[in-house]
Each structure stands twice: as structure tokens, then as C-alpha cells.
Amino acid sequence: MAVLFAVSLLAVAINLFLGPHNIAAGGITGLSIVFETLFGFDRFVTILVANAIVLVATFIFLGKEIFFNTVIGAAYLPVIIGVVPQYMMVEDPMLSMFVGSTIIAVAASIMYANNASSGGTTVPPLILKKYFGLSTSIGLFISDGAVVILSLIVFSFEAFLYAIFSITLAAITMNFIESGLRKRKMVYIISDKSKEITHDILTKIDRGVTLIPILGAFERTEREMIMVTMDSKNYRDLINIVNEHDEHAFMITDNVTQVHGRGFTYDSGSV
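Cut-off values and rules
Residues numbered from 1 in each chain as written. Predicted model: local features only at pLDDT ≥ 70, side-chain atom pairs only at ≥ 80, totals over all residues. Heavy atoms only, no water. Helix = DSSP H or I, 4+ residues; strand = E, 2+ residues; numbered from the N terminus. Expected span 1.5 Å × (residues − 1). Buried < 20%, exposed > 50% of the residue type's maximum accessible area, 1.4 Å probe, protein only. Core = buried A, V, L, I, M, F, W, Y, C linked by side-chain atoms within 4.5 Å. Contact = heavy atoms within 4.5 Å. Pairing = 2+ DSSP bridges. Axes fitted to C-alpha atoms, helices over the stretch in contact; angles between N-to-C directions. Salt bridge = Lys/Arg side-chain N within 4 Å of Asp/Glu carboxyl O. 1 Å grid on protein atoms, 1.4 Å probe; cavity = no way out; pocket = protein on both sides within 12 Å on 5 of 7 lines; lining within 4 Å. Points joined across faces, edges and corners; volume = space filled by probe spheres on them. Nonpolar A, V, L, I, M, F, W, Y, C, P; charged D, E, K, R; others polar. Phe/Tyr/Trp six-rings, centres within 6.5 Å; stacked < 30°, edge-to-face > 60°. Lys NZ or Arg CZ within 6 Å of the ring centre and 35° of its normal. Patch = residues over 30% accessible without salt bridge, like charges linked within 9 Å, V, L, I, M, F, W, Y side chains within 5 Å. Areas by Shrake-Rupley, 256 points an atom, 1.4 Å probe, with all protein chains shown as cover.

Peer 1: Just checking my understanding: could you explain helix 1 (residues 2-18) for this structure?
Peer 2: Structural remark: α-helix, 3.6 residues per turn; residues separated by three or four positions point the same way. When the terminal C-alpha atoms of helix 1 are compared, their 23 Å separation across 17 residues agrees well with the 24 Å that a helix rising 1.5 Å per residue should span. Counted residue by residue, helix 1 has 12 buried out of 17 residues, so it is predominantly covered. Among the residues of helix 1, those classed as buried are Val 3, Ala 6, Val 7, Leu 9, Leu 10, Ala 11, Ala 13, Ile 14, Asn 15, Leu 16, Phe 17 and Leu 18.

Given below as C-alpha cells:
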């Protein structure tokens, strides 16, 4: 259901926001807009043929699981493209580009989270990520580049610029969705009140704490350093706890986007 919903969002973005302004913002859908103007091909036909080719590549490079997930989106996309009316929802091309690009980013992120795609140029990013470790947002930016350049030949220079802005905005939004919404705080604390601070972290914030033995290089003093990982929403509570016990405590805070284990990627009750 999530994949079908995401593909439906793509159709809305193309037919109601980007297509009416000739913004071919990459992807097989963008290519279909170009071919519709250049050769008179129906969007349905272009997407159907291109997705058939992409499905073969998916089976070869990404395996059966993603292939079957992609089949759903690839088959559904041309159908929903034909169902959603081609209507100019917003007359301002800049606003229309902004809305359409955001919708595409959300849709693509949903599909990637489910190891699926709608076919077309959403598949190459999955291949690039699997074999080269490249972020899907960057991979999508690269794979859409050829389509955007083609739009320069067919449409106006203004439409070309809108297409560039569109894929850039989509890549930024996808990157934020993929990493920004999952950001955690990794905090290291050095204090003479480590016992009291640890107790309050465990009881008031309900976060696990790791105590690391350290040795000060100048005074050669042995201490314990507190290491704790938490959601950003709890960070202010941690600051208050540390200041309550030791205003001169030394703290290092870093933002992390990948945290796996108890309390983060699966339920565990109390941490």
C-alpha cells in the first residue's frame, strides 16, 4: 500500500504541478514530458516501454525482492498517470515547481524506504547505492541529469532552469528525510560529578550510559567519561542535568544519523 501511495503522489506531482509548466525534472516521467512534446508520444506509452527495460535491469542487478517490489510501482505508474488529469493546479511556475519537487522527494523516499521504486530513473540510484555506496539522493540527482539536459533542447531555457532547481530541491528534501529526521545526539561528558550525572540520565531521561575510563594527559588523573546517545528532544534535559551538578563539566556533542540497537531501532522497555 505504501508503494502504491507513493506512486500516486508521483502522478499528482507530474500531471498537476510539473507537467503543465513543461518542467521535465528528470526521471522517466520527465522524459515522458519531453517525448510528448517532441514526438507526440502519450506519457503512458513512454513510461510503459521505459519501465519494461528498467525491470530487466532491476532483476539482474538488484535481485528478486526489489524486482517484485518494483513491478508493482512500474506497472501502476503508467496507469495512474493516465487516470490523474493533466491540469495546471498552480499558475505560478516557481510555486508549482516547489510543490511538485517536494511531493516527488516524499514519494521517492517512501519507495526507497520500502526497497521499491516506480521504475524509470529511480532504479539507477538503487544500483549505485548497492555497488558504490552512493546516497540515493545523490544517485537520483545524477541519473536525472541527462533528462534535464534533454529538456533544454526541447523547451525554453527558463523551463530548463526550473528543471534544475526541481531536481536539486528534490535531492535536498530527500537527503533531509533520509537523515535529518533521524538525527540523534552523541554526547561525551567529563566531570567530577559523573556518578550523579549518570544517575539522573538513567532515571530522568531514561537513556543508557556508557562509562569510559580516561587518563588526563596534563595531570595524569584517572577519570570516567560519560558517553550517551539520545534523541534531540532530550538534549536540553541533559544540559540541565549537567549544569545542575557541574557547571564546569567538559562536553562534546555530535550529530549522528545512524543509531542501531536497543532503545532506537527496536523496543526494549527501559533502556
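Peer 1: Teacher, can you tell me more about the nonpolar core here?
Peer 2: Burial of nonpolar side chains together is a common tendency in soluble globular proteins. In this structure, Ile 23 and Leu 77 are the most contacted members of the largest nonpolar core, which totals 40 residues. Where this core is concerned, the elements lending two or more residues are helix 1, helix 2 (27-38), helix 3 (43-62), helix 4 (64-83), helix 5 (93-113), helix 7 (136-154) and helix 8 (157-179). No other element matches the 11 residues that helix 1 contributes to this core. Residues within four places of Ile 23 in sequence aside, it is in contact with Leu 18, Ile 33, Pro 93, Met 97, Tyr 162, Ala 163 and Ser 166.

Peer 1: What's the story with the pairing of strand 3 (residues 222-231) in this structure? I'm lost.
Peer 2: Each regular strand carries side chains that alternate between the two faces of the sheet. Sheet topology places strand 1 (residues 184-190) next to strand 3; seven bridges connect them, and they run antiparallel. Within the sheet, the bridge partner assigned to Met 186 lies in strand 3 and is Thr 229. Where strand 2 (residues 210-215) and strand 3 come together, six bridges link them in antiparallel fashion. What sits directly across from Thr 210, in strand 3, is Met 227. Joining the antiparallel neighbours strand 2 and strand 3 is a turn of six residues, in which Arg 220 adopts a positive phi near 55°.

Peer 1: Can you help me understand the sheet that holds strand 1 in this one?
Peer 2: Hydrogen bonds along the backbone pair up the strands of a sheet, which may run parallel or antiparallel. Taking strand neighbours across the sheet as the criterion, the four strands line up as 2-3-1-4 in an open arrangement whose pairing is antiparallel. The sheet terminates laterally at strand 2 and strand 4 (250-256), the two strands that pair on one side only. Geometrically, the sheet is characterised by an average inter-axis angle of 25° between neighbouring strands, direction not taken into account. Against the sheet, helix 9 (residues 194-205) touches strand 1, strand 2 and strand 3, its axis set at about 20° to strand 3.

Peer 1: Which parts of the structure should I look at to understand the pairing of strand 1?
Peer 2: Within strand 1, six of the seven residues are buried, leaving the element largely enclosed by the surrounding structure. Sheet analysis places strand 1 next to strand 4, joined by seven bridges and oriented antiparallel. When the sheet's bridge partners are listed, Lys 185 is paired in strand 4 with Asn 255.

Peer 1: Can you walk me through the pattern of salt bridges in this structure?
Peer 2: Evaluated as defined, the whole model comprises four salt bridges. Linking Arg 184 and Asp 231 is a salt bridge whose minimum nitrogen-to-oxygen distance equals 3.0 Å. One end of the pair, Arg 184, is in strand 1; the other, Asp 231, is in strand 3, and 47 residues separate them in sequence. Judged by its relative accessible area of 16%, Arg 184 is buried. You can call Asp 231 partly exposed: its relative accessible area is 24%.

Peer 1: Would you mind showing me how to read the layout of surface pockets here?
Peer 2: Gaps between atoms show up when a probe of the same size as a water molecule is rolled over them. Estimated volume of the largest pocket: approximately 360 Å³. Ranked by residue count, the leading element in the lining of the largest pocket is helix 5, at four residues. Class assignment for the residues of the lining of the largest pocket results in seven nonpolar, three polar and four charged.

Peer 1: It is not clear to me how the side chain of Ser 194 should be interpreted in this structure. Could you clarify?
Peer 2: Looking at the secondary structure, you find Ser 194 in helix 9. Those residues in contact with Ser 194, other than ones at most four positions away along the chain, are Glu 224 and Ile 226.

Peer 1: Would you explain the packing of aromatic side chains in this entry?
Peer 2: A ring pair, where both rings are aromatic, is described by two values, the distance of the centres and the angle of the planes. The full count for this structure, using the stated rule, is seven aromatic pairs. An angle of 70° between the planes, with centres 5.3 Å apart, marks the rings of Phe 67 and Phe 68 as edge-to-face. Cluster of aromatic residues (ring-pair linked, three or more members): Phe 35, Phe 39 and Phe 41. Positioned above the aromatic ring of Tyr 235, the side-chain terminus of Lys 185 is 5.3 Å from the ring centre.

Peer 1: Quick question: what am I supposed to make of a nonpolar patch on the surface here?
Peer 2: A cluster of nonpolar side chains, namely Phe 44, Val 45, Leu 48, Val 49, Ile 53, Val 79 and Val 83, defines an oily patch on the protein surface of about 620 Å² accessible area. Of all the elements in the fold, those that place two or more residues in the nonpolar patch are helix 3 and helix 4. Mapping Val 79 onto the fold places it in helix 4.

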